[in-house]
Amino acid sequence: MLKAVVIGATGATGKELVEGLLQSDAYESVTVFVRKNQASSNSKLIIHQVDFEQPESWAHLVVGDVAFSALGTTLKVAGSKDKQWKVDYDYQFHFAKTAKINEIPSFVLVSAIGADAKSSVFYSRMKGALEQAIIKLNFEKLLIFQPGLLIRPGTDRQAEASFEKVIRFFNRLGIARKYRPIAVSDLAQKMIAYSLSTEAGVKIISSRELFTQK
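Below is a summary of the structure that appears in this document. (Residues numbered from 1 in each chain as written. Predicted model: local features only at pLDDT ≥ 70, side-chain atom pairs only at ≥ 80, totals over all residues. Heavy atoms only, no water.)

## Notes on the overall build of the protein
Our working rule: Working definition: helices are DSSP H or I runs of at least four residues, strands are E runs of at least two. Numbering for both runs from the N terminus. Per-residue accessibility, obtained with a 1.4 Å probe over protein chains only, is compared with the maximum for each type, and a residue is labelled buried under 20%, exposed over 50%, and partly exposed between these values. Computed with the Shrake-Rupley method and a 1.4 Å probe, the accessible areas treat only the protein chains shown as cover for residues.
Within the protein, the regular secondary structure consists of 6 helices and 9 strands. Every one of the 214 residues in the protein was classed for burial, and the buried ones make up 45%. Carbon and sulfur atoms form 50% of the exposed surface of the protein, whose accessible area is close to 11200 Å².

This is the structure:
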C-alpha cells in the first residue's frame, strides 16, 4: 500500500483529491500540509499545520510514495503577481524539491492548459516555468495535469461561471474541445488513477486526455 503527501489540500481540487485518496484501498495513509489546523476522525489522514514561508521547518515530514501538489491561487486573491508567483511557483517548487531530496519516487502536479515558460501571458508563463523546474528534478515518475477550466462546486467566481457557459456552447458546436471544462472531482479521480500506473518517466496529461478512459 502507498503513502501520499499532499499540498493544496484545502482547495477545490485538493479537497476532492484527499477524499478520493482516503477512500482508495491503494493508499494506506494521506499526509496533508495546511496553513490552518483542521480536525479529522479519519485514521488514514495525518494533518500538519505548517508555515509555507519556512519549508525547511517541516521538510522532514515530507515522506511517502507519491507527492501531490494541487496548490494554487488567483491574481485577485493573491493581490499581486509577485504574491501569486510565491504560491503557485515558489511553494510548489520547494515542496517538489523536498520530496525529491526525501526520495519520494512519484510526483503529481496540477498545472494548467497553455502552460508555457516562454508565454507572454503571466499565468501561462508561471505554470510553464514550474513544470520545467520540476521536470529537472528527475523524479522516477512525474505526472503533470493540464486541465482546462475547472468546475468547482458552489463557486462564487462569476467570471469562471460565465466562461464555462461560453465554452460549453462552443463545445456543443464542436469548437474549442481542448478547453472543455472538467469537474474538480473528476480531475482528482484521474490524478489518483494515473498515480497508480507503473509507468516511469514524465507524462503530461492534456485537457483532451482527461476525457479519455484511464
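## Observations regarding helix H1 (residues 12-23)
This is how the line gets drawn: For a helix, the expected span equals 1.5 Å multiplied by the residue count minus one. By the convention used here, residues are in contact when the closest approach between their heavy atoms is within 4.5 Å.
Across its 12 residues, H1 extends 17 Å between first and last C-alpha, which sits within 8% of the 16 Å expected from 1.5 Å per residue. If you check which residues of H1 are buried, you get Thr13, Gly14, Leu17, Val18, Gly20, Leu21 and Leu22. Here the buried face of H1 lies against strand E1 (2-7), strand E2 (27-34), strand E3 (45-49), strand E4 (66-69), strand E7 (150-151) and helix H6 (184-195).

## So, the packing of aromatic side chains
Basically, it comes down to this: Under the pairing criterion, centres of Phe, Tyr and Trp rings, with the six-membered ring standing for Trp, must be within 6.5 Å; the plane angle then separates stacked pairs below 30 degrees from edge-to-face pairs above 60, leaving the rest tilted.
Overall, the coordinates contain 11 aromatic pairs when judged by the stated rule. With a centroid separation of 6.2 Å and an interplanar angle of 45°, the aromatic rings of tryptophan 85 and phenylalanine 122 are classed as tilted. Of this pair, tryptophan 85 sits in helix H3 (residues 81-101) while phenylalanine 122 is found in helix H4 (residues 122-135), placing the two residues 37 residues apart along the sequence. Judged by its relative accessible area of 27%, tryptophan 85 is partly exposed.

## Examining the environment of leucine 187
Along the chain, the position of leucine 187 falls in helix H6. When the C-alpha atoms of leucine 187 and isoleucine 151 are compared, they prove to be 9.7 Å apart, with 36 residues separating the residues in sequence. Setting aside chain neighbours within four positions, we find leucine 187 in contact with Thr13, Val110, Phe145, Pro147, Leu150, Ile182 and Leu210.

## With respect to H6
In this model H6 runs 16 Å from its N-terminal to its C-terminal C-alpha over 12 residues, within 8% of the 16 Å that 1.5 Å per residue would give. For H6, the complete set of buried residues consists of Val184, Leu187, Ala188, Lys190, Met191, Ile192, Tyr194 and Ser195.

## Thoughts on the pattern of salt bridges
For clarity, the cut-off: The salt bridge criterion pairs a side-chain nitrogen of Lys or Arg with a carboxyl oxygen of Asp or Glu, the two atoms within 4 Å.
Per the counting criterion, the structure on display carries 3 salt bridges. Glutamate 53 serves as the salt-bridge partner of lysine 86, at 3.4 Å between the closest nitrogen and oxygen. Highlighted residues: lysine 86 in helix H3 and glutamate 53 in the loop between E3 and E4, separated in sequence by 33 residues. Taking relative accessible area as the criterion, lysine 86 reaches 33% and is therefore assigned partly exposed. Between aspartate 88 and lysine 127 there is a salt bridge, and its shortest N-O distance comes to 3.0 Å. A residue pair is termed long-range when its members are at least 10 positions apart, and aspartate 88 in helix H3 and lysine 127 in helix H4 qualify at 39 residues.

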